Amino acid sequence: MPSRREQLLDAAIGVLGNQGSRALTHRAVDAAASMPFGSTANYYKSRDALISAVVERFAERDRIGWETITTFVRPANAAELAAGLIGYVQRALGPERAVTVARYGLFLEATLRPELRDPLAESARELRKWAATWLRQIGSADPDGDCAAVFDYLDGVILHQLAFDGQVGGDWQAAVERAVLRLVA
C-alpha cells in the first residue's frame, strides 16, 4: 500500500501526464488523490517543491520498474532485445501513456529549472546501466555507446508517437527492430 506521500506524488504524475504542467497545482493533486484540500500543501509548500518531489518519485518508480523488467526480460540475441524494447515502447504509449507524457513534461521543466537536471540524469544513467548489461550479453562491442544510441532513438520514437499519434514515421516497430539489429550486428 503506497504511503500518503506516494499517493500524492502518483496523483501529481497523473495530473501532469493527463492535463499538462499548467494544471499541476496543489488543489488539482488533492482532487486527483481524493484527499482533503490542503493535503498536498502540507507536504510540499510550493509548486517547485512539488515538482522536485515528483522527479524523485519518478526515479523510485523507474528503479522498481526496471528491477521488475530485468527479472523477466533476458534477451539472448538482438532480435529478442528488439522485441523487448518494442514491448517497452508499446507499454509507454498504451497503459503507461500518462506517465510517459509526465516524464517528457519533466524533461521540459528541467530545461528551465537546472536543479532538476541532476536527479533526472542520475535516474537515466541507472536505467542505462541495466540496459547496457543486455547489450553486453548479446555481444555488443560498445554496450554503453550502443545503449545510449538505442535509448535516445527510443525517446525519439516515443515522443513522435505521442505527439503525432502514428501520423508521422510509419511502422515504428519495424524501424526499432531494424535499428537494434543494425546496431549490434
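Cut-offs and rules
- Throughout this description, residue numbers start from 1 for each chain and increase along the sequence as written.
- Local features in this predicted model are restricted to residues of pLDDT 70 or higher, and side-chain atom pairs are both shown and tallied only at a pLDDT of 80 or more, whereas totals for entire chains, interfaces and linings draw on every residue.
- Excluding hydrogens and water, the side-chain figures rest on all heavy atoms present in the structure.
- The term salt bridge refers to a side-chain nitrogen of Lys or Arg lying within 4 Å of a carboxyl oxygen of Asp or Glu.
- A run of H or I in DSSP becomes a helix once it reaches four residues, and a run of E becomes a strand once it reaches two; helices and strands are each numbered from the N terminus.
- Only C-alpha atoms enter the line fits that serve as axes; for helices the fit covers just the stretch in contact. Angles between N-to-C directions range over 0 to 180 degrees.
- Working definition: roughly parallel below 35 degrees, roughly antiparallel above 145 degrees, roughly perpendicular at 65 to 115 degrees, and oblique for all remaining angles.
- Two residues qualify as a contact provided that any one of their heavy atoms is within 4.5 Å of a heavy atom in the partner residue.
- Residue type decides the class: Asp, Glu, Lys and Arg count as charged, Ala, Val, Leu, Ile, Met, Phe, Trp, Tyr, Cys and Pro as nonpolar, and the leftover types, Gly among them, as polar.
- What makes a crossing left-handed is the near helix being turned counterclockwise from the far one by less than a right angle; a clockwise turn instead makes it right-handed.
- Only the six-membered ring of Trp is used, alongside the rings of Phe and Tyr, when aromatic pairs are assigned; centres must lie within 6.5 Å, and planes under 30 degrees apart are stacked while those over 60 apart are edge-to-face, with the rest tilted.
- Whether a residue is buried, partly exposed or exposed follows from its accessible area with a 1.4 Å probe, protein chains only, as a fraction of its type maximum: under 20%, in between, or over 50%, in that order.
- Looking at any residue, its pLDDT shows the predictor's confidence there, from 0 to 100.

With that settled, consider the pattern of salt bridges. Inspection of every chain in the model, using the stated rule, returns 13 salt bridges. A salt bridge links Glu-60 to Arg-5, with the shortest nitrogen-to-oxygen separation between them at 3.2 Å. Linking Glu-60 in helix H4 (residues 47-72) with Arg-5 in helix H1 (residues 4-19), this pair joins segments that are 55 residues apart in sequence.

Once that is clear, we can look at the packing of H1 against H4. At a closest axis distance of 9 Å, the pairing of H1 and H4 adopts a crossing angle of 100°. As far as their axial angle goes, H4 and H1 are roughly perpendicular. In this structure, H1 contributes Arg-5, Glu-6, Leu-9, Asp-10, Ala-12 and Ile-13 to the contact, and H4 contributes Leu-50, Ala-53, Val-54, Glu-56, Arg-57, Phe-58, Glu-60 and Arg-61. Of the residues in the contact of H1 with H4, the class split is 7 nonpolar, no polar and 7 charged.

For Ser-34, which is not glycine, the phi dihedral falls at a positive 55°. In this structure, Ser-34 sits in the loop between helix H2 (26-32) and helix H3 (39-43).

The subject of this paragraph is the packing of helix H6 (residues 97-112) against helix H8 (residues 143-164). Here H6 crosses H8 at 110°, and the two axes come no closer than 11 Å. Taken together, the axis directions place H6 and H8 in an arrangement best described as roughly perpendicular. Between H6 and H8 the crossing geometry is left-handed. Residues Arg-97, Thr-100, Val-101 and Tyr-104 of H6 touch H8, and the partners they reach there are Asp-155, Ile-158, Leu-159 and Leu-162. Looking at the contact of H6 with H8 residue by residue, the class counts come to 5 nonpolar, 1 polar and 2 charged.

So, on to the packing of aromatic side chains. All chains considered together, the criterion is met by 5 aromatic pairs. Summarising the aromatic geometry, the rings of Trp-66 and Tyr-88 are spaced 5.8 Å apart at their centres and angled 50° between planes, so their arrangement reads as tilted. Pair noted here: Trp-66 is in helix H4 and Tyr-88 is in helix H5 (residues 78-93), with a separation of 22 residues, a long-range link. For Tyr-88, a relative accessible area of 28% corresponds to the partly exposed category. Aromatic side chains Tyr-104 and Phe-107 sit 5.6 Å apart centroid to centroid with 80° between the ring planes, which places their arrangement in the edge-to-face category. Residue Tyr-104 and its partner Phe-107 are both found in helix H6; the two are separated by 3 residues, about one turn of the helix. The class for Phe-107 is partly exposed, based on a relative accessible area of 32%. By the ring-pair criterion, three or more aromatic residues cluster together here, those being Trp-66, Tyr-88, Trp-134 and Phe-151.

We now examine the confidence of the model for the protein chain. Caution applies to low-pLDDT regions: their predicted coordinates should not be interpreted in detail. Mean pLDDT for the protein chain: 92, with 99% of residues reaching 70 or above. Within the protein chain, helix H9 (residues 172-184) has the poorest average pLDDT of any element, 89, and H2 the best, 98.

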